[in-house]
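Observations on chain architecture
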Amino acid sequence: MSAQFYEHSGEAGGASAGALRVLQLYPRDMNIYGDWGNTRVLARRAQWRGYDVEVLSYDPGDELPDGVHLVVGGGGQDSGQERITADLQARAAELRAWAADGVPMLVICGLYQLFGHRFLTARGSEIPGISVFDAETVAGDGRLIGNITTTSEVFGGIVGYENHSGLTTLAPNQAPFGRVRSGDGNNGQDGTEGALAHHVIGTYLHGSLLPKNPAVADWLLERAARAAGLEWVGDAVAHPGLDGTWADRARAVAMSRPR
Ligand code: GLN
């Protein structure tokens, strides 16, 4: 059984805007550098808009729940990636079908790598991925570590922190999540960062990503509402939690800093 982390009712005052079911993938093995914070941001921003939110976790061997509207997964060591491989392969067809159906997903670092075709580790083993992204990753000699800023036509400026040895190469037709302004991104060479396919975002940005980039959180939530057959409340609700002043200031400072 997948564990229920928590359930919260919406806080917009008035009738519920409907229920969203969020699934955290592999939190036992894939959840470092504060990646769990992304799920908390999604849950809170949804609640502030009046949605009821149920957060479920899925670890190897669990039953995959039905009716998932949003999937979130984090980073992990190579060893964590190896531990989830068999289970991820067993779930590949379902996860790919959800992605093709428009279920929004956010996968960070180690799980991003495994949403591509494969990850070749520094020890020479090949960890197969599930090919949601047309991309593959090969371990490099050093680690790409530090603050990173990128830009994207869809999301504007994005700020985060990266720490990986894997060097990811996108196929020519695979869209990146952003273009590097400062930092290394997918491989330190071609200026791409992350990948975007269907409504699935893959990225190396930890830190957590979503508190610093609420526009990305709301992009995911809007698509989750649609996947749930609900109306997207958007900015029609004026909850103080949705005031972006502090996040904007933090982002401006991050954008102006060297790596
Ligand atoms: N093990 C992978 C790498 O170093 C992923 C690391 C991570 O998720 N932070 O490339």
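Per an unreviewed UniProt entry, the protein carries the name Lipid II isoglutaminyl synthase (glutamine-hydrolyzing) subunit GatD and comes from Actinomyces gaoshouyii. According to the UniProt record, the Sequence similarities (unreviewed entry) comment for the protein is "Belongs to the CobB/CobQ family. GatD subfamily." As its UniProt record puts it under Pathway (unreviewed entry), the protein is described as follows: "Cell wall biogenesis; peptidoglycan biosynthesis."

Let's shift gears to the site of the ligand. Near the ligand lie 16 residues; those nearest to it are G76, D78, C109, Q113 and G166. Here an oxygen atom of the ligand sits 3.2 Å away from a polar atom, N or O, in the side chain of R143. Here an oxygen atom of the ligand sits 2.8 Å away from a polar atom, N or O, in the main chain of G166. Taken by itself the ligand offers 300 Å² of open surface, and the protein chains cover 98% of this.

Attention now moves to the UniProt feature "active site" (unreviewed entry) in the protein. Taken from the UniProt record, the annotation "active site" (unreviewed entry) applies to C109 and H206. Across 98 residues, the annotated set stays spatially compact, with a maximum C-alpha separation of 7.6 Å. By the secondary structure assignment, C109 is in helix α3 (residues 109-114). You can call C109 buried: its relative accessible area is 6%. Discounting residues that sit within four places of it in the chain, C109 has contacts with G75, N163, H164, T203, Y204 and H206. Topologically, H206 is positioned in the loop between β13 (200-203) and α4 (209-212).

In this section: the UniProt feature "domain: CobB/CobQ-like glutamine amidotransferase" (unreviewed entry) in the protein. Residues annotated in UniProt with the feature "domain: CobB/CobQ-like glutamine amidotransferase" (unreviewed entry) correspond here to residues 22-213. The distance from the first to the last C-alpha atom of residues 22-213 is 19 Å, and the span holds 24% helix and 38% strand.

Quick look at the pattern of salt bridges now. Under the definition given, this model contains 10 salt bridges. Across the pair D218 and R45 runs a salt bridge whose closest N-O atoms are separated by 2.9 Å. Within this pair, whereas D218 is found in helix α5 (residues 214-227), its partner R45 is found in helix α1 (residues 36-48), the two being separated by 173 residues in sequence. In this structure D218 comes out as buried when scored by relative accessible area, which is 15%. Here R118 makes a salt bridge to E126, at a shortest N to O gap of 3.3 Å. Residue classification places E126 among the partly exposed residues on the basis of a relative accessible area of 48%. What you see here is one network of salt bridges that share partners, running through R45, R49, D218 and D235.

Counted according to the given criterion, the structure contains seven aromatic pairs. Ring plane angle 70 degrees and centroid distance 5.2 Å describe the contact between F155 and W219, whose orientation is recorded as edge-to-face. With F155 in the loop between β8 (135-152) and β9 (156-170) and W219 in helix α5, the pair connects residues that are 64 residues apart, well separated along the chain. Comparing F155 with W219, the two get one shared label, buried. Lying over the aromatic face of W246, R249 brings its terminal NZ or CZ to 4.9 Å of the ring centre.

So, how was this worked out
- Residues numbered from 1 in each chain as written.
- Predicted model: local features only at pLDDT ≥ 70, side-chain atom pairs only at ≥ 80, totals over all residues.
- Heavy atoms only, no water.
- UniProt positions renumbered as here; feature names shortened; annotations may be inferred.
- Near = heavy atom within 4 Å.
- Polar contact = N/O pair within 3.5 Å; in protein donor to acceptor, adjacent residues only side chain to side chain.
- Areas by Shrake-Rupley, 256 points an atom, 1.4 Å probe, with all protein chains shown as cover.
- Helix = DSSP H or I, 4+ residues; strand = E, 2+ residues; numbered from the N terminus.
- Buried < 20%, exposed > 50% of the residue type's maximum accessible area, 1.4 Å probe, protein only.
- Contact = heavy atoms within 4.5 Å.
- Salt bridge = Lys/Arg side-chain N within 4 Å of Asp/Glu carboxyl O.
- Phe/Tyr/Trp six-rings, centres within 6.5 Å; stacked < 30°, edge-to-face > 60°.
- Lys NZ or Arg CZ within 6 Å of the ring centre and 35° of its normal.

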